[in-house]
Amino acid sequence: MLDTLQTLAPVTAVRGNNDRDGWARTIAETEIVHAGEVRIFVLHDLAELDLDPAAAGFRVVVSGHSHQPRIEERSGVLFVNPGSCGPRRFKLPIAAGELQISGASVSARLLELHTRTEIARVPHVKPFAGA
């Protein structure tokens, strides 16, 4: 799947709790992405976040484990769980997330894929002191 996605656009992936086969050994547990002036911390399970993202200079934390689409802002950091865009899990929507980045400003939205309905949006978040 990752190889197929890579033909469409650059891909940054992290290993999840079910990624146990040999192919998953080369996938990191966390990644750092730079987009414009925005630093993004990516991990599978938010419960395993072992740093203060604001103090570490991250504007966004992307996680997935629960498959529950969600956007929250805490201390100037967007926490985004894009949900799951694969087969439906439990009774959760099939969803994807989008970050819109301009310089040091970032906004996030979630889309429910089967209806293409926007299910949440957080407006542009301005750079915080220390950025």
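Residues numbered from 1 in each chain as written. Predicted model: local features only at pLDDT ≥ 70, side-chain atom pairs only at ≥ 80, totals over all residues. Heavy atoms only, no water.

**Focus: the environment of Lys91**
Consideration 1: Mapped onto the fold, Lys91 is located in the loop between strand E5 (77-81) and strand E6 (95-102).
Consideration 2: Remark: the alpha-carbon pair of Lys91 and Gln68, spanning 23 residues in sequence, is separated by 9.8 Å. (Helix = DSSP H or I, 4+ residues; strand = E, 2+ residues; numbered from the N terminus.)

**Concerning the confidence of the model for the protein**
Consideration 1: Mean pLDDT over the protein works out to 83, with 84% of the residues at or above the 70 mark.
Consideration 2: Ignoring residues within four places in sequence, the model shows residues 126-131, a span with pLDDT below 50, making nine contacts including any to other chains. (pLDDT = per-residue confidence, 0-100. Contact = heavy atoms within 4.5 Å.)

**A few points about a nonpolar patch on the surface**
Consideration 1: Together, Met1, Leu2, Leu5, Leu8 and Trp23 make up a nonpolar patch on the protein surface, roughly 590 Å² of accessible area in all.
Consideration 2: Residue placement: Leu5 occurs in helix H1 (residues 2-6).
Consideration 3: Relative accessible area serves as the criterion here: at 36%, Leu5 is assigned to the partly exposed category. (Patch = residues over 30% accessible without salt bridge, like charges linked within 9 Å, V, L, I, M, F, W, Y side chains within 5 Å. Areas by Shrake-Rupley, 256 points an atom, 1.4 Å probe, with all protein chains shown as cover. Salt bridge = Lys/Arg side-chain N within 4 Å of Asp/Glu carboxyl O. Buried < 20%, exposed > 50% of the residue type's maximum accessible area, 1.4 Å probe, protein only.)

**Here's the deal with the pairing of E6**
It is a general feature of regular strands that their side chains alternate between the two faces of the sheet.
Consideration 1: Both E6 and strand E7 (residues 105-112) contribute to a ladder of eight bridges, which runs antiparallel. Counted as the bridge partner of Ala96 is Leu111 from E7.
Consideration 2: Linkage of E6 to E7, two consecutive antiparallel strands, is achieved through a turn of two residues, within which Gly103 is found at a positive phi near 60°. (Pairing = 2+ DSSP bridges.)

**As for the nonpolar core**
Consideration 1: Judged by nonpolar contacts, Val14, Val38, Ile40, Val42, Val60, Val62, Ile71, Leu78, Val80, Val106, Ala108 and Leu110 together constitute the single largest core of twelve residues.
Consideration 2: Residues contacting Val42, with those up to four places away along its chain left out, are Val14, Glu29, Thr30, Glu31, Val33 and Val62.
Consideration 3: Residues Ala54, Phe58, Val77 and Phe79 belong to the second largest nonpolar core, which totals seven residues. (Core = buried A, V, L, I, M, F, W, Y, C linked by side-chain atoms within 4.5 Å.)

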